[in-house]
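# Examination of the molecular architecture
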Amino acid sequence: KEPMARSYPGDEVAGAIGRCFGQSVRYEAVAAEDWPAYMTEKWGLPPALAASTVGTMRAIEAGQFDLVTDDYRAITGRSPQTLDEYLLQVRAARG
């Protein structure tokens, strides 16, 4: 069992979801500046709340959250699941 040793870009996650569930899944990146309008139009968030997410989205684009730590193992005493193992568990739970 190989623990997650890296983070995954959106297109790889979409591909893994598609393989696991047998459906085509398309990843579409949304630029940080476009994110507030997307959240308001698609999810109905108030514009002021949606606008407050731009800083977080810029940090994501800059890779500031793209990190791998040993925190999960340190906290739980268990190795993290691989992405595919996690998705198979989700699929099984859905029946």
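Let us look at the structure shown here. (Residues numbered from 1 in each chain as written. Predicted model: local features only at pLDDT ≥ 70, side-chain atom pairs only at ≥ 80, totals over all residues. Heavy atoms only, no water.)

Mapped onto the fold, glutamate 28 is located in the loop between helix H1 (10-21) and helix H2 (35-43). In sequence terms glutamate 28 and alanine 14 are 14 residues apart; their C-alpha atoms lie 9.4 Å from each other. Within the local environment of glutamate 28, its side chain forms a polar contact with the side chain of arginine 26, the two groups lying 2.5 Å apart. (Helix = DSSP H or I, 4+ residues; strand = E, 2+ residues; numbered from the N terminus. Polar contact = N/O pair within 3.5 Å; in protein donor to acceptor, adjacent residues only side chain to side chain.)

Let us now look at the pattern of salt bridges. One pass over the structure, following the stated rule, counts three salt bridges. When the shortest N-O distance is used, the salt bridge between glutamate 33 and arginine 58 registers 2.8 Å. Taken together, the positions of glutamate 33 in the loop between H1 and H2 and arginine 58 in helix H4 (residues 54-61) put the pair 25 residues apart, joining distant regions of the chain. Given the relative accessible area of 48%, glutamate 33 is considered partly exposed. Classification of arginine 58 by relative accessible area gives partly exposed; the value is 47%. (Salt bridge = Lys/Arg side-chain N within 4 Å of Asp/Glu carboxyl O. Buried < 20%, exposed > 50% of the residue type's maximum accessible area, 1.4 Å probe, protein only.)

A full pass over the atoms with the stated rule returns three aromatic pairs. With a centroid separation of 5.4 Å and an interplanar angle of 15 degrees, the aromatic rings of tryptophan 35 and tyrosine 38 are classed as stacked. Here tryptophan 35 and its partner tyrosine 38 are both found in helix H2, three residues apart, which amounts to about one turn of the helix. The interplanar angle of 75 degrees and the centroid separation of 5.8 Å between the aromatic rings of tyrosine 38 and tryptophan 43 together place this pair among those described as edge-to-face. For tyrosine 38, a relative accessible area of 30% gives the class partly exposed. One aromatic cluster is present, built from ring pairs that chain together Trp35, Tyr38 and Trp43. (Phe/Tyr/Trp six-rings, centres within 6.5 Å; stacked < 30°, edge-to-face > 60°.)

So, on to H2. All buried positions along H2 are accounted for by Trp35, Pro36 and Met39. The arc that holds every buried residue of H2, seen down its axis, measures 105 degrees, which confines them to one face. Residues of H2 that are exposed and point over 90 degrees away from its buried face: Glu41 and Lys42. Contacts from the buried residues of H2 go to helix H3 (47-51) and H4. One or two residues past the end of H2 sits glycine 44, with phi positive at roughly 75 degrees. (Arc of directions from axis to C-beta. Contact = heavy atoms within 4.5 Å.)

What follows concerns H4. Three or four residues apart is the spacing at which side chains of an α-helix point the same way, because the helix has 3.6 residues per turn. The set of residues buried in H4 consists of Val54, Met57 and Ala59. At its buried positions, H4 is contacted by H2 and H3.

These results come straight from atomic positions and should not be treated as a statement about function.
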